[in-house]
Amino acid sequence: MLRHPSLKQESNYSLNSLLCSICKKMKSDGSSFNICKPYIAMISLQFGYAGMNIITKISLNGGMSHYVLVVYRHAIATAVIAPFAFFFERKAQPKITFQVFMQIFILGLLGPVIDQNFYYAGLKLTSPTFSCAMSNMLPAMTFVMAIIFRMEKVNIKKVIYQAKVVGTLITVGGAMLMTLYKGPLVEMAWTAHRRAIGGGGGSEGKETSDRDWFIGCILLIIATLAWASLFILQKAALKTYSNHQLSLTSMVCFMGTLQAVAVTFVMEHDPSVWRIGWDMNLLAAAYAGIVTSSISYYVQGLVMKSKGPVFATAFSPLMMIIVAVMGSFILAEKIYLGGVIGSAIIVVGLYSVLWGKYKEDQEQKNTLIIQEIPEIVKDNNYNNRIVGEEKAAVAIDLPIFTSPVKPTQQV
């Protein structure tokens, strides 16, 4: 029995449409996953950063010197990053001139030595949540330093620059409030229950005085300022190492390790501080070196290439929330009203700065697109339309059409 040709065509059509729908579905699923990848990566990084703050706080409370922790952290980071830099970037390495060497030297001083030591000292005197909240000042401080070094221009008449300036002032105000006002204790439901049963949860005996809290705030502000300075100098160094970012990171970590060793010998005179075993101290150094200084650098670099630095910075308040929840459970951390209000103010200022930066980037992209478009004659009036028609006709070698001229009336 022969099948009718129309039925065969219809079956082929239905089969093709089914295959097309399956392909479209697979393509849409793949594209959806690609869209979600930067968000998943940045959220995962915030959990990684939060874990670093909690583990480091436990290690510092256990008596580990933060000077030694900085040395071990960057020694491990150098050992992890250097092999990748050697295998993937060993070709066409830039020459290390005196200027390049000084840039690497200062980057190692600003990052591993000043930033990390002051941050760990401030973390020890305050709390993980408070330290994370202070770190949200970074975009505002970077903006101020970019203005000081004339790397960024400000047109106060535009809304985007007004948002960045106002956001910076709000951020500074929130940091001052957190520094000068501690406020009453804010009780969480689970922490109040723990204190009622356990009598303090282990951290009551180490009550931080108001003086230590103030000193810790100052140390965290200095650490954030050094971090912002590192970003400014790193932008200049990346002009030389634009295709060798892993090499630059490994050299900065190595230089910072040497400088941190020298600082530790000056500040720590007891040889026993260098001892480290299979305990929380080793976990803190390894975790910070591998996760925070190695994996996070690579993942954040990929996200910044596809989404830009503003997208990467916008997730930092999430780390503060994660640390607050984890710290209250694991450390029975005390959260004070001044810290809560100041953190909220800093987050508002942060997103004001980020909004201004995002709009500025969009404006620059639109300007570049407009510059690439060839100049055309706008049809504002009749004469402009005639000029456009004449140019178009000449370009394609066609007769020029002119509209008929109305006869003038005889008087």
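As the structure is a computational prediction, the values presented were derived from the model and not from experiment.

Tell me what's going on with the environment of Q116, and back it up with residues and numbers.
In this fold, Q116 is placed in helix α3 (residues 98-125). Judged by relative accessible area, Q116 falls into the buried class, the value being 11%. For the pair formed by Q116 and A223, sequence separation is 107 residues and the distance between their alpha carbons is 7.0 Å. Among the polar contacts listed, one links the side chain of Q116 to the side chain of R73, at a separation of 2.6 Å.

A description of the packing of α3 against helix α4 (residues 128-135) should follow, citing residues and the corresponding values.
Packing of α3 against α4 leaves a shortest axis separation of 8 Å and a crossing angle of 135°. As far as their axial angle goes, α4 and α3 are oblique. In the crossing of α3 with α4, the sense of the turn from one axis to the other is right-handed. Along the contact surface, α3 presents Y119, G122 and L123, while α4 presents P128, S131, C132 and S135. Here the contact of α3 with α4 is composed, by residue class, of 4 nonpolar, 3 polar and no charged.

Before we move on, can you summarise the pattern of salt bridges with the specific residues and values?
Counted according to the given criterion, the structure contains 2 salt bridges. The closest approach of N and O atoms between E363 and K158, which form a salt bridge, is 3.3 Å. Note that E363 is positioned in helix α13 (residues 337-372) and K158 in the loop between α5 (138-148) and α6 (159-180), a separation of 205 residues in sequence. Residue E363 is classed as partly exposed on the basis of its relative accessible area, which comes to 32%. Classification of K158 as partly exposed rests on a relative accessible area of 33%. A salt bridge links K164 to E360; the nearest nitrogen and oxygen atoms lie 2.6 Å apart. Taken together, the residues K164 in helix α6 and E360 in helix α13 connect sequence positions 196 residues apart. Neither residue differs from the other here; K164 and E360 are each classed as buried.

How would you summarise helix α2 (residues 66-89) if you had to cite specific residues and measurements?
Quick reminder: α-helices carry 3.6 residues per turn. Residues three or four places apart thus point the same way. With 24 residues, α2 should reach 34 Å at 1.5 Å per residue; the first-to-last C-alpha distance of 32 Å fits that figure. Taking the largest bend as the criterion, α2 deviates by roughly 25°, centred on I81, and proline P83 comes between one and four positions later. Residue S65 occupies the N-cap position of α2, its side-chain oxygen lying 3.3 Å from the main-chain nitrogen of Y67.

What counts and what doesn't
Residues numbered from 1 in each chain as written. Predicted model: local features only at pLDDT ≥ 70, side-chain atom pairs only at ≥ 80, totals over all residues. Heavy atoms only, no water. Helix = DSSP H or I, 4+ residues; strand = E, 2+ residues; numbered from the N terminus. Buried < 20%, exposed > 50% of the residue type's maximum accessible area, 1.4 Å probe, protein only. Polar contact = N/O pair within 3.5 Å; in protein donor to acceptor, adjacent residues only side chain to side chain. Axes fitted to C-alpha atoms, helices over the stretch in contact; angles between N-to-C directions. Parallel < 35°, antiparallel > 145°, perpendicular 65-115°, else oblique. Left-handed = near helix turned anticlockwise from the far one by under 90°. Contact = heavy atoms within 4.5 Å. Nonpolar A, V, L, I, M, F, W, Y, C, P; charged D, E, K, R; others polar. Salt bridge = Lys/Arg side-chain N within 4 Å of Asp/Glu carboxyl O. Expected span 1.5 Å × (residues − 1). Bend = angle between axes of the 7 residues up to and from the residue.

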